[in-house]
Amino acid sequence: MDNEKDYITFMNEIGNAAAAVSLKYFKKPLDVLSKGKKLGTEFDPVTVADRNTEFAIREIIREKYPTHSIIGEEHADETKSSNYKWIIDPIDGTRAYITGVPTWGTLIALKNGDDHEIGMIDQPYLKERFIGTKNGSTMNGTPIKCRPCDTILNATISTTDPLQLFKDDDEQDRFFRVAAGAKMMRNGYDCYAYAMVAMGFIDVVIEAGLEAYDIQGIIPVIEGAGGIITNWQGEKVTEGGQVVTCGDRRLHEQVIGLLNTTT
């Protein structure tokens, strides 16, 4: 991307504007609505913070790049003439957000056709911003890398919710098959778990039932840090669904094997 530096500068501008909105409501009394059923639960929360944060992001993109398409979780798609497309999840981890836990984040991706140009995971309460491109990933401007981990026996594994956020017993059983062999399991981190893979503190994240906006902003951060993110069959993942992320490709091969072992 010829103007990568400009897009990174703009991504930081978006992140700052989104943070100003999301932090205004965080750890404050807040009405919570439900969008309906989600996987193993009848509750899929949404708040004014989700909607207003996305609205702020969209306004800035429209002004700067009026020909770019915009896709987000909370508002209607805006399809334009350019190959460039912005994908937004204003508050990934609304469950964490409404319980006052700072593992939620704002996810934004810029794609040119099918290619990811840049992605961001921003946790404004902790003041940690992760940006990924084809040339590497950073946290607050400092380069980051996934850590080596060649076997599940040495791995730290994570998922957001092993009880409610898999669609059925089979998905849950397959996750626990992998987790049973891991050195440590730490759950409930939402998008922040992926950021910790990119920083080298977590080795595996396994999730299911994700939407495209749940994963698009994460992909460049993981790949830029040297990690791998696929579906549960080890194939390219862009539209969500079943997702597995590893910081080490050797470990990824083991995890894919365990997820697909028949018993």
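Higher on the page you've got the structure.
Quick caveat: nothing in here was measured; it's all calculated off a predicted structure.

A.B. asks: What exactly am I supposed to notice about the pattern of salt bridges here?
C.D. replies: Applying the stated criterion to the full structure yields eight salt bridges. Of the charged contacts in the structure, one is a salt bridge between E78 and R62, with a shortest N-O distance of 2.8 Å. A residue pair is termed long-range when its members are at least 10 positions apart, and E78 in the loop between β3 (69–72) and β4 (84–92) and R62 in helix α2 (residues 48–64) qualify at 16 residues. Residue E78 is classed as buried on the basis of its relative accessible area, which comes to 15%. The exposure class of R62 is partly exposed, given its relative accessible area of 31%. A salt bridge links R129 to D122, with the nearest nitrogen and oxygen atoms 2.9 Å apart. The residues R129 and D122 share a single accessibility class, namely buried.

A.B. asks: Quick question: what am I supposed to make of the pairing of strand β14 (residues 241–246) here?
C.D. replies: Within a regular strand, side chains alternate between the sheet's two faces. Of all the six residues making up β14, five are buried; the element is thus mostly covered by neighbouring parts of the structure. Bridge analysis of strand β12 (residues 204–210) against β14 gives five bridges, and the strand direction is antiparallel. Each residue of the ladder has a partner; that of V205, found in β14, is T245. Inspection of the sheet shows strand β13 (residues 228–230) paired to β14 by three bridges, in the antiparallel sense. Opposite T230, over in β14, you have V244 as the bridge partner.

A.B. asks: Would you mind showing me how to read the nonpolar core here?
C.D. replies: If you look at soluble globular proteins, the nonpolar side chains tend to sit buried side by side. By size, the foremost hydrophobic cluster in this structure holds 26 residues, and its most contacted members are I121, F130, Y194, I218 and I229. At the level of elements, α5 (192–199), β12 and α7 (219–224) are the ones that each hand at least two residues to this core. In this structure Y194 touches I121, V205, E207, L210, I215, I218, I222, I229, V243 and T245, once residues within four positions along its chain are discounted. C149, F166, V204 and L251 belong to the second largest nonpolar core, which has 20 residues in total.

About the cut-offs
Counting restarts for each chain, with residues numbered from 1 along the sequence as it is written. Only residues with pLDDT of at least 70 get local features here, since the model is predicted, and only at 80 or more are side-chain atom pairs given and counted; chain-wide, interface and lining totals rely on the full set of residues. For the side-chain quantities, the full set of heavy atoms in the structure was used; hydrogens and water were omitted. Each reported salt bridge corresponds to a side-chain nitrogen of Lys or Arg within 4 Å of a carboxyl oxygen of Asp or Glu. Working definition: helices are DSSP H or I runs of at least four residues, strands are E runs of at least two. Numbering for both runs from the N terminus. Relative accessibility thresholds used throughout: buried, under 20% of the residue-type maximum; exposed, over 50%; partly exposed, between the two (1.4 Å probe, protein chains only). Strand pairing requires that DSSP identify at least two bridges connecting the strands. Buried Ala, Val, Leu, Ile, Met, Phe, Trp, Tyr and Cys residues that are joined via side-chain atoms within 4.5 Å together make up what is termed a nonpolar core. Should any heavy atoms of two residues lie within 4.5 Å, those residues are counted as being in contact.

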